[in-house]
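One letter stands for each residue in the lines below.
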Amino acid sequence: MSAANLLRPLPPMAPRTIYNEEHEAFRDTARRFFETEIAPYHEKWAEQQHLDRGLWNKAGELGLLCATMPEQYGGSGVDRLYSAILMEEQAYALDSASGFALHSDIVANYILNFGNEDQKSTWLPKMATGEVVGAIAMTEPGTGSDLQGIRTTAVADGDDYIVNGSKIFITNGYLCDMAVVAVKTGNSEKGAQNISLLIMDAKAPGFTKGKPLKKVGMHGQDTCELFFDNVRVPKSNLLGMEGMGFIMLMKELAWERLMVGLMSQAAAEAVFAHTVQYTKDRKAFGKPIGAFQNTRFKLAELRTKIDIGRTYADRCMELQVQNALSVEAAAAAKYWLSDMVNQIVDECVQLHGGYGFMMEYPVARAYVDNRAHRIYAGTNEIMKELISRTL
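Model, not experiment: these values are computed from the prediction.

Trainee: How should the overall build of the protein be read in this particular structure?
Mentor: If you tally the helices and strands in the protein, you get 11 helices and 10 strands. The 391 residues of the protein split such that 55% are buried. Nonlocal contacts in the protein, meaning residues at least 24 apart in sequence, comprise 75% of its contacts between residues at least 6 apart. Here the protein carries 40 positive and 47 negative side-chain charges, and the mean point of each set is 5 Å from the other.

Trainee: Teacher, can you tell me more about the side chain of Asn 109 here?
Mentor: If you trace the backbone, Asn 109 turns up in helix α5 (residues 100-114). If we skip the residues at most four places from it in the chain, Asn 109 touches Met 69, Arg 80, Ser 104, Phe 114, Glu 252 and Trp 255.

Trainee: Sorry if this is basic, but what is going on with the environment of Val 349 here?
Mentor: Tracing the sequence through the fold places Val 349 in helix α9 (residues 327-352). Setting aside chain neighbours within four positions, we find Val 349 in contact with Gly 356, Val 363 and Tyr 367.

Trainee: Before we go on, may I ask you to explain the state of the cysteines in this structure?
Mentor: Linking two cysteines covalently through their sulfur atoms gives a disulfide. For the structure on display, the rule yields 0 disulfides. A disulfide-free cysteine, Cys 176 has its sulfur positioned 6.7 Å from the sulfur of Cys 224, the nearest such atom.

Trainee: I'm lost on helix α10 (residues 362-369) in this one. Help?
Mentor: Since the α-helix packs 3.6 residues into each turn, any two residues three or four apart lie on the same face. With 6 of 8 residues buried, α10 is to be regarded as a mostly interior element. Within α10, the full set of buried residues consists of Pro 362, Val 363, Ala 364, Arg 365, Ala 366 and Asp 369. If you follow the buried residues of α10, they end up packed against α2 (42-48), α7 (245-281) and α9.

Trainee: Looking at this model, I keep getting lost on the packing of α7 against α9. Mind explaining?
Mentor: α9 packs onto α7 with a crossing angle of 20 degrees between their chain directions and a minimal axis gap of 8 Å. Taken together, α7 and α9 sit at an angle that is classed as roughly parallel. Pair α7 / α9 crosses with left-handed handedness.

Trainee: Explain the pattern of salt bridges to me, please; I cannot follow it from the model alone.
Mentor: A side chain with one charge may pair with a side chain of the opposite charge, provided their charged atoms come close. Taken as a whole, this structure holds 22 salt bridges when the rule is applied. In this structure, the salt-bridge partner of Asp 52 is Lys 44, at a minimum N-O distance of 2.7 Å. Look at Asp 52 and you get partly exposed, because its relative accessible area is 26%. Overall, the relative accessible area of 39% leaves Lys 44 in the partly exposed class. Salt bridges sharing common partners tie together Arg 8, Arg 16, Glu 24, Arg 27, Glu 88, Glu 89, Glu 269, Arg 310 and Asp 314.

Trainee: Is there a simple way to explain helix α8 (residues 293-321) in this structure?
Mentor: The end-to-end C-alpha distance of α8 is 42 Å, a good match for the 42 Å that 29 residues give at a rise of 1.5 Å each. Just downstream of α8, Asn 323 is the residue with a positive phi angle, here 55 degrees.

Trainee: Would you explain unusual backbone geometry in this entry?
Mentor: When glycine is set aside, most residues are seen to have a negative phi, and most peptide bonds are trans. Backbone geometry places Leu 94, a non-glycine residue, at a positive phi of 60 degrees. Mapped onto the elements of the fold, Leu 94 is located in the loop between α4 (81-92) and α5. Residue Leu 94 is classed as buried on the basis of its relative accessible area of 12%. Phi is positive for Met 218, which is not a glycine, with a value near 50 degrees. Structurally, Met 218 is set in the loop between β6 (207-209) and β7 (223-234). Overall, Met 218 belongs to the buried group, its relative accessible area being 8%.

Trainee: Quick question: what am I supposed to make of the environment of His 42 here?
Mentor: Note that His 42 resides in helix α2. C-alpha separation for the pair His 42 and Val 327, spaced 285 residues apart in sequence, amounts to 35 Å. At a separation of 3.2 Å, a polar atom in the side chain of His 42 contacts the side chain of Arg 365.

Criteria and thresholds
- Residues numbered from 1 in each chain as written.
- Predicted model: local features only at pLDDT ≥ 70, side-chain atom pairs only at ≥ 80, totals over all residues.
- Heavy atoms only, no water.
- Helix = DSSP H or I, 4+ residues; strand = E, 2+ residues; numbered from the N terminus.
- Buried < 20%, exposed > 50% of the residue type's maximum accessible area, 1.4 Å probe, protein only.
- Contact = heavy atoms within 4.5 Å.
- Lys, Arg positive; Asp, Glu negative; His and termini not counted.
- Charge placed at Lys NZ, Arg CZ, Asp CG, Glu CD.
- Disulfide = S-S within 2.5 Å.
- Axes fitted to C-alpha atoms, helices over the stretch in contact; angles between N-to-C directions.
- Parallel < 35°, antiparallel > 145°, perpendicular 65-115°, else oblique.
- Left-handed = near helix turned anticlockwise from the far one by under 90°.
- Salt bridge = Lys/Arg side-chain N within 4 Å of Asp/Glu carboxyl O.
- Expected span 1.5 Å × (residues − 1).
- Polar contact = N/O pair within 3.5 Å; in protein donor to acceptor, adjacent residues only side chain to side chain.

Purely geometric stuff here, so don't read any function into it on its own.
This is the structure in structure tokens:
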């Protein structure tokens, strides 16, 4: 889809207040990048199942990667509102292919928050320029939300660990140059105490990648399996302390879950804008379908639900910037907003009629692209469990 065919979201009924002029200048840069470098090539990304590798370098040149990292590590030292803007502009461009947010706001954060000085100075500057593409590998074929059940092992051998196992559904996996990998380093009955995180160089002997996985949606996103066959990893690549991996994962998952909520919210806004335009252009029985009362009422319902979601998403971002976002608030954002976008898109498909089932229409792509939001970063059922524990 060309930039000329992309529509901006409708202005919210309750004006947003979380961004300043500097944020909006960054938005302009991000918007141009997604509209010119990503959106027009959707079919190409879908066919090859990943972006062109050079786009990572272009994004790095524009300061779109790892912007929240300190300047000494190649970032701009800005707040996470910049991260939110990048995710919003990706969604407004109807892009489900790029994995920049995971690279910059999940992988890089693990290294920044838990890595030592050598690890940070080695990896973060290269991630900021796009020279290194990062992935995080937690999920395994036999374990989903149950991180304590992982089977990938890291056995100490002198100054190294010997890693064996596999991971699945790894975003950025096929192009990754490095992955933060959750491994089992102990045999305690308390499974959480057995988990550690290792920084693994994708060029290490025994580290191999499967072909990109064929998914229901998000066809252009780089997602694959990773395999570890006696991979020798220096102990100096251990993040934090041995056995502290589960605690580190829990500390970062709240932000990851809010990210899913933010992407869901922005996707709902994008699809709704295209649907409103469609109901104005499409005619039936001699008048635009948007003139029928059922259509008007349905659009009113959808806009209200989207605006209510936007208010909560923005409030959560305010709390995140203040380091005051609770686990349950992030879980609620992830669960409710990812449910909401699927409800919105389903209604928008219906308003498109038969064309809503045609993949050349944005609403059809959104129908399959957004379904995964309810699954990854912990299923929505897990989110409800987390919320219920606070009652």
